[in-house]
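Results of the structural survey
The primary structure of each chain is shown beneath.
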Amino acid sequence: MASPHMFSVDVEDYFQVSAFESVIDRTRWADQESRVVQNTNRMLDLLARHQVQGVFYVLGWIAQRFPDLVHRIVEHGHVVGSHTFWHKLIYEQSPIEFGLDLAQSCETISSLTGTPVRHFRAPSFSITQKSLWAIETLVRNGIAYDSSIVPIRHDRYGIPGSPLSPYQLSVRGAQVTEYPVSVCNFAGFHLPCGGGGYFRIFPWWFTKWALKRVEQSGRPIHFYIHPWEIDPDQPRISGIGKVSRFRHYRNLHQTAGRLDKLFASFRFGATDYPGTTRNEDWS
């Protein structure tokens, strides 16, 4: 039987997404109706039903306010990683700002799990060519595994031409194992298919077809989701643009059902990173 693919979850609340930060300041986070506990618990129950384990990248802000949620993630056998503390785009911070945020996140999470934080994903995959310096900061804070670089061209993230399979990434001597979320290579184009908004926007048949191509290529699938994506009843945020509204709210009512189909079609469960295929030095 083939090795299981990897499933990961970015644990943040619906009002903390990058697209909403212009209308919901971080000083107002505590005033919003929080739904992250109930949504993450639903996600944990869904994964338990399908016997899937994965990596949960938790915001430090969430971990600090809901420590029992972190304990439940661990009790279900999942790995807990950092998604930063304040969910700020890395390329909009200085190295010092990011270092302080990351350290606060890792300290908060490790105090709850009892183990060092070794896994990281940047908010909105914001390690790009202009923020590769962040790899050095990750290593200084004990991070060994990163999942922040997407091999596509996008208006907010991505490094086109970066490897599709897991690889060892070195930046000025600092090295991490980089594990990109899945994209499908078709006719010379890289088509995003590894979860998130693409899972809701594209029809299920496309996702299944694209992930089958990834699997048939011999590459491990890495799929990700957010707890708020299985919550069609979440409050609607006003004052956001049409594109952001479409990306965030499209087909929320279908996500849970599509996850059932995903787990029936592919074998997920890897909580460590499979062997890497190449070394990349981007110093």
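Let me begin by describing the structure that accompanies this report. (Residues numbered from 1 in each chain as written. Predicted model: local features only at pLDDT ≥ 70, side-chain atom pairs only at ≥ 80, totals over all residues. Heavy atoms only, no water.)

**With respect to the pairing of strand β1 (residues 5–11)**
A regular strand carries its side chains on alternate faces of the sheet. In terms of residue burial, β1 counts as a mostly covered element, since seven of its seven residues are buried. On β1, burial covers both faces: H5, F7, V9 and V11 on one face and M6, S8 and D10 on the other are all buried. The pairing of β1 with strand β11 (residues 268–270) spans two bridges and is classified as parallel. The partner of H5 across the bridge, within β11, is F268. Across four bridges, β1 lies against strand β10 (residues 222–225) in parallel orientation. (Buried < 20%, exposed > 50% of the residue type's maximum accessible area, 1.4 Å probe, protein only. Helix = DSSP H or I, 4+ residues; strand = E, 2+ residues; numbered from the N terminus. Pairing = 2+ DSSP bridges.)

**Concerning the packing of helix α1 (residues 36–49) against helix α3 (residues 67–75)**
Viewed as axis vectors pointing N to C, α1 and α3 meet at an angle of 5 degrees, and their least axial separation amounts to 11 Å. One way to sum up the angle between α1 and α3 is to call them roughly parallel. Of α3, the residues touching α1 (which contributes V36, V37, T40, N41, L44 and D45) are L69, R72 and I73. Looking at the contact of α1 with α3 residue by residue, the classes come out as five nonpolar, two polar and two charged. (Axes fitted to C-alpha atoms, helices over the stretch in contact; angles between N-to-C directions. Parallel < 35°, antiparallel > 145°, perpendicular 65-115°, else oblique. Contact = heavy atoms within 4.5 Å. Nonpolar A, V, L, I, M, F, W, Y, C, P; charged D, E, K, R; others polar.)

**Side note on the environment of K130**
When you line up the elements, K130 lands in the loop between β4 (119–120) and α5 (134–140). Of the residues examined, K130 reaches a relative accessible area of 59% and is grouped as exposed. Each C-alpha atom of the pair K130 and R49 lies 41 Å from the other, and the pair is 81 residues apart in sequence.

**Some points on the side chain of D146**
By the secondary structure assignment, D146 is in strand β5 (residues 145–146). Engagement of the side chain of D146 in a polar contact is seen with the side chain of S148, the distance being 2.6 Å. Excluding its chain neighbours within four sequence positions, the residues that come into contact with D146 are F120, R121, I127, I135, L138, V176, T177, E178 and Y179. (Polar contact = N/O pair within 3.5 Å; in protein donor to acceptor, adjacent residues only side chain to side chain.)

**Remarks on the environment of R153**
Among the structural elements, R153 can be located in the loop between β5 and β6 (167–171). Given a relative accessible area of 72%, R153 falls into the exposed group. Along the backbone, R153 and H190 are 37 residues apart, and their C-alpha atoms lie at a distance of 8.8 Å.

**Structural notes on the nonpolar core**
If you look at the biggest cluster of nonpolar residues, it comprises 71 residues, and the most contacted ones within it are F7, V58, I127, F223, L259 and L262. Discounting chain neighbours no more than four positions away, the residues touching F223 are M6, F7, S8, C193, G194, G195, F199, L211, L259, L262 and F268. Listed in part, the nine residues of the second largest apolar core include V150, I152, L164 and Y224. (Core = buried A, V, L, I, M, F, W, Y, C linked by side-chain atoms within 4.5 Å.)

**Some details on the packing of aromatic side chains**
For the structure on display, the rule yields 23 aromatic pairs. Look at F7 and F268: their rings are 6.0 Å apart centre to centre, the planes differ by 85 degrees, and that puts the pair in the edge-to-face class. With a gap of 261 residues between them, F7 in strand β1 and F268 in strand β11 connect regions that are remote in the sequence. Given the relative accessible area of 1%, F7 is considered buried. Three or more aromatic residues joined by ring pairs make a cluster, and in this case those are F7, F199, W204, F223, F263 and F268. (Phe/Tyr/Trp six-rings, centres within 6.5 Å; stacked < 30°, edge-to-face > 60°.)

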